Amino acid sequence: MNFPRVLLGLSLAAALAGCARRPTKLPIYDVVINHVTLVDVATGQLTPNQVVAISRGKIVEVQTADKDSYAAKQYVNGNGRYLIPGLWDMHVHFRGGDSLAAANKKSLALFLAHGVTTVRDCGGDLTRNVMQWRADMDAGRYAGPRIFTSGPKIDGPKAYWPGSLEVETPAQIGKALDSLQRLRVDFVKIYDSKISGAAYLNTIAQAQRRGLKTTGHMPYSVKLGDAVKRGLDATEHLYYVFKACSGKEDSLTAAVRASLNTPKPLGLFAVLPAVYDTYSPVAAARIFKLMAKHKTAAVPTLHIGKTLTELPENDHARDTLLAYIDPKIQATYARRLNSAKQQPLAAQQFSKKLETKFMSLVPQMQAAGVPLLAGSDSGPFNSFIYPGASLQDEVILLVQAGLTPLQALQAATVNGAKFMGVAERTAAIAVGKDADLVLLTANPLENIANIRHIDAVISRGKAYPAAALANLLRAIKNP
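Attention in this report is confined to the structure presented alongside it. (Residues numbered from 1 in each chain as written. Predicted model: local features only at pLDDT ≥ 70, side-chain atom pairs only at ≥ 80, totals over all residues. Heavy atoms only, no water.)

1. Quick notes on the nonpolar core
No. 1: Formed by 131 residues in total, the largest nonpolar core has its most connected members in Phe94, Ile154, Tyr200, Tyr220, Leu224, Phe288 and Met365.
No. 2: Ranked by the residues each element gives to this core, the list is headed by helix H2 (residues 101-113), at 8 residues.
No. 3: When residues no more than four places from it in sequence are discounted, the contact partners of Phe94 are Asn104, Ser107, Leu108, Phe111, Val119, Asp121, Gly124, Asp125, Leu126, Val130, Trp133 and Ile147.
No. 4: Counting 16 residues, the second-largest nonpolar core is a separate cluster that includes Ile33, Leu38, Val52 and Ala456. (Core = buried A, V, L, I, M, F, W, Y, C linked by side-chain atoms within 4.5 Å. Buried < 20%, exposed > 50% of the residue type's maximum accessible area, 1.4 Å probe, protein only. Helix = DSSP H or I, 4+ residues; strand = E, 2+ residues; numbered from the N terminus. Contact = heavy atoms within 4.5 Å.)

The structure is reproduced here in structure tokens:
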């Protein structure tokens, strides 16, 4: 036996075995966030000292940060910071026609700078632009939020908003839905400026049969309960929920219907004082129970209500965020501003009472199990409702209305993902989820206003530290 040769073979085998046990080359992640506290928006649990690794737009590793040997193209220091899923603004508008297309596009950076990584565009006349922006951002050509869009709104003949699809007959509704499906929209938005009650309910029913989500305003000639039973997926703002909270809803609805063919048909604002005076806790509980049963969501949009109500007394000329709003969009603010300043004092006082009442509905809906979605209604023509920042204000108002910070965060994250049917891939910090995240310098569950204290935003797997976010804003600032 040749012992030297045997020993050599054994030595080589041992060396190879040792190599097999040693870690090979470390994977190079796109982004690594180290030593961060994770905020679970589903449960409120805080998990400290975690590392989150991201590659190709997805979270690929979440574990205790027991070592520092993570190779990454971008490192983000999470020490002393709190990581939440990116915020969702479930009611925004991109609109104003070709002359405002570039101005709308500039607002995309504002959303991201304020931690809003996903928005739901609730109807406008820039659908093809929106689709192109979405494709460009997904391809990494520039920064901005993910966009879900309804495309043009559905309304009645001689609709208020340009670009609306005007319907009255079942055939017209079918053609409108055909066109929306060709555009590959994510949901259907119905508006109430001219649509008849019959066409409104028919639109919901036809869309339901096609598997399309429906959401929107509602003519006061229709009862919300009837729309919910037809399959309405969400009601925007609280005017329509509030009417259903009236103990006289049937008679008020009948009065509106009877006035439709008169010289002065009754509209929403004419009827609201009567709705306010006939509010019934029993009726409110009944509609909330029905909405919860059918999973019909509500988008309270408290911030825009508060802002518009206070326009006569607040001077927004020195708002710092005006510097980032294109002058062409600023010009659209004049209409609401002038209207508010001409409003009689009694009407102003009623508007404030109404907004206070709307605030009181929010915790009741939450307790009843109604899905709540945070939305700002930012966009051209909605005065001083700034993209991004207004969603933060909305979340803070939800807490002031009576939600817990966790419930308000859910309304601005996972609830939106569930509504759009994508919760399996986003709005949580877990392996396999989209890497759309916000790093905060303080705990939002202790004080919801801490969502304003952003240290970094991760969008589509790319990290934007505070300096990078400042650069995005600098690029769109007015000269």
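Read on for the rest.
2. Section: the side chain of Lys433
No. 1: If you trace the backbone, Lys433 turns up in the loop between helix H17 (414-419) and strand E15 (437-440).
No. 2: One buried charged residue, Lys433, remains without a salt bridge, the closest side chain of opposite sign being Glu424 at 6.9 Å.
No. 3: Those residues within four positions of Lys433 in sequence are excluded, and the remaining contacts are Gly57, Lys58, Ile59, Ala423, Glu424, Arg425, Thr426 and Ala428. (Lys, Arg positive; Asp, Glu negative; His and termini not counted. Salt bridge = Lys/Arg side-chain N within 4 Å of Asp/Glu carboxyl O.)

3. Some words on the pairing of E15
No. 1: By the alternation rule, side chains of E15 split into Leu437 and Leu439 and Val438 and Leu440, which are all buried.
No. 2: The pairing of strand E5 (residues 82-85) with E15 spans 4 bridges and is antiparallel. Of the residues in E15, the one forming a bridge with Leu83 is Leu439.
No. 3: Taken together, the 4 bridges between E15 and strand E16 (residues 454-459) define a ladder with antiparallel strand orientation. Counted as the bridge partner of Leu439 is Ala456 from E16. (Pairing = 2+ DSSP bridges.)

4. A short note on the packing of helix H14 (residues 345-368) against helix H15 (residues 389-401)
No. 1: The interhelical angle for the contact between H14 and H15, taken along N-to-C directions, is 80°, at an axis separation of 8 Å. If you check the angle between H14 and H15, you find them roughly perpendicular. Between H14, through Met359, Val362 and Pro363, and H15, the contact on the second element is made entirely by Leu397, Leu398, Gln400 and Ala401.
No. 2: The class makeup of the residues in the contact of H14 with H15 is 6 nonpolar, 1 polar and no charged. (Axes fitted to C-alpha atoms, helices over the stretch in contact; angles between N-to-C directions. Parallel < 35°, antiparallel > 145°, perpendicular 65-115°, else oblique. Nonpolar A, V, L, I, M, F, W, Y, C, P; charged D, E, K, R; others polar.)

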